[in-house]
Amino acid sequence: MLVRGDGDVENTNNSYSGISDIRLKENIEPAGGYIVKLLKLQLKKFNFIGRDQPNLGLIAQEVEPIFPGLVKTGGGFEGDYDKDGNEIHDRKSIKYSVLNLMMLDAIQTLKKENDSKTQLISQQKESIDKQEKQIKRLENLSRTLIKHTQDLEIELKLKKRKKGFWANLFGR
């Protein structure tokens, strides 16, 4: 673990905490709108050179073009070497604590969108249910009208036959 003079803590297990007391803060305002950029970040599995322990995280050089303020450059542990054996003096690190807050904003944004879509789906389902009931009523009405029409046609045919019978009977 490395503790820097500006209070940043760097370590290899990405575990840390930060002071968040409102009594120590000013100029507080809402922040947000990070979701589009967050979706560009690519989560990686890796291990540090010379260590077998698997890790999960981001690559600072990939994050830097998207969120320059999340990447810190400078310093390094004594004995930090790249794959070619060169000592690293300008190691890059990611401010995961800030990234986590950006992800919280993204989760809240997705939740609002999901709630809105869920409400819309519910309204559409209610509308569909009403329309299905109306269709069933119209189908029933249509069947009733068809039956009445058929009955009237039969009745009309019978009346015509009766009229024809009487006309034939009396020679008219």
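Residues numbered from 1 in each chain as written. Predicted model: local features only at pLDDT ≥ 70, side-chain atom pairs only at ≥ 80, totals over all residues. Heavy atoms only, no water.

Asks: Got a sec to walk through the overall build of the protein chain? Specific residues and values, please.
Replies: Each helix and strand in the protein chain was counted, giving three helices and six strands. N-terminal to C-terminal, the α/β element order of the protein chain is β-β-α-β-β-α-β-β-α. Over its C-alpha atoms the protein chain spans a radius of gyration of 38 Å, topping by over 25% the 16 Å that the globule rule assigns to 172 residues. Looking at the protein chain as a whole, 14% of its 172 residues are labelled buried. Across the protein chain, the fraction of contacts at a sequence separation of at least 24, relative to all contacts at a separation of at least 6, is 48%. Just so you have it, the protein chain exposes about 14700 Å², and 55% of that area is on carbon and sulfur atoms. Each charge class in the protein chain can be summarised by its mean position, and for the 30 positive and 25 negative side chains these summaries are 21 Å apart. (Helix = DSSP H or I, 4+ residues; strand = E, 2+ residues; numbered from the N terminus. Rg over C-alpha atoms; globule rule 2.2 N^0.38 Å. Buried < 20%, exposed > 50% of the residue type's maximum accessible area, 1.4 Å probe, protein only. Contact = heavy atoms within 4.5 Å. Areas by Shrake-Rupley, 256 points an atom, 1.4 Å probe, with all protein chains shown as cover. Lys, Arg positive; Asp, Glu negative; His and termini not counted. Charge placed at Lys NZ, Arg CZ, Asp CG, Glu CD.)

Asks: Can you break down unusual backbone geometry residue by residue, with the values?
Replies: Residue Asn27 is not a glycine yet carries a positive backbone phi of 55 degrees. Of note, Asn27 is situated in the loop between strand 2 (9-10) and helix 1 (35-38).

Asks: Tell me about the nonpolar core, and please be specific about residues and values.
Replies: Residues Leu38, Leu41, Leu58, Val63, Phe67 and Leu99 are the most contacted members of the largest nonpolar core, which totals 15 residues. For this core, the secondary-structure elements that each account for two or more residues are helix 1, helix 2 (60-63) and helix 3 (96-170). If you tally residues by element for this core, the top one is helix 3, at four residues. Contact partners of Leu58, with chain neighbours within four places excluded, come to Leu41, Gln42, Leu43, Val63, Ile94, Tyr96 and Leu99. (Core = buried A, V, L, I, M, F, W, Y, C linked by side-chain atoms within 4.5 Å.)

Asks: Give me the lowdown on the side chain of Asp105, citing residues and values where you can.
Replies: Mapped onto the elements of the fold, Asp105 is located in helix 3. Although Asp105 is buried, it forms no salt bridge, and the closest oppositely charged side chain is Lys112 at an N-O distance of 6.8 Å. There is a polar contact of 3.4 Å between the side chain of Asp105 and the backbone nitrogen of Tyr34. (Salt bridge = Lys/Arg side-chain N within 4 Å of Asp/Glu carboxyl O. Polar contact = N/O pair within 3.5 Å; in protein donor to acceptor, adjacent residues only side chain to side chain.)

Asks: Tell me what's going on with helix 3, and back it up with residues and numbers.
Replies: In a regular helix each residue adds 1.5 Å, so 75 residues correspond to 111 Å; helix 3 covers 108 Å between its end C-alpha atoms and thus fits that length. If you check which residues of helix 3 are buried, you get Tyr96, Leu99, Met102, Asp105 and Ala106. Looking at the buried side of helix 3, the elements it contacts are helix 1, strand 4 (55-57) and strand 6 (92-94). (Expected span 1.5 Å × (residues − 1).)

Asks: Can you break down the pattern of salt bridges residue by residue, with the values?
Replies: One pass over the structure, following the stated rule, counts six salt bridges. Asp115 is the salt-bridge partner of Lys111, the closest N and O atoms lying 2.8 Å from each other. With Lys111 and Asp115 both in helix 3 and four residues apart, this pair spans about one turn of that helix. Taking relative accessible area as the criterion, Lys111 reaches 47% and is therefore assigned partly exposed. Residue Glu155 pairs with Lys159 through a salt bridge whose shortest N-O separation is 3.6 Å. Here Glu155 and its partner Lys159 are both found in helix 3, four residues apart, which amounts to about one turn of the helix. A relative accessible area of 52% places Lys159 in the exposed class.

Asks: Can you lay out the confidence of the model for the protein chain for me, pointing to particular residues and giving the numbers?
Replies: Per-residue confidence for the protein chain gives a mean pLDDT of 88; residues scoring 70 or more make up 93%. Averaged pLDDT values over the elements of the protein chain bottom out at 74 in strand 2 and peak at 96 in helix 2. (pLDDT = per-residue confidence, 0-100.)

Asks: How would you sum up the side chain of Ser93? Please name residues and give values.
Replies: In this fold, Ser93 is placed in strand 6. Not counting chain neighbours up to four residues away, the residues in contact with Ser93 comprise Glu10, Ala60, Leu70, Val71 and Lys72.

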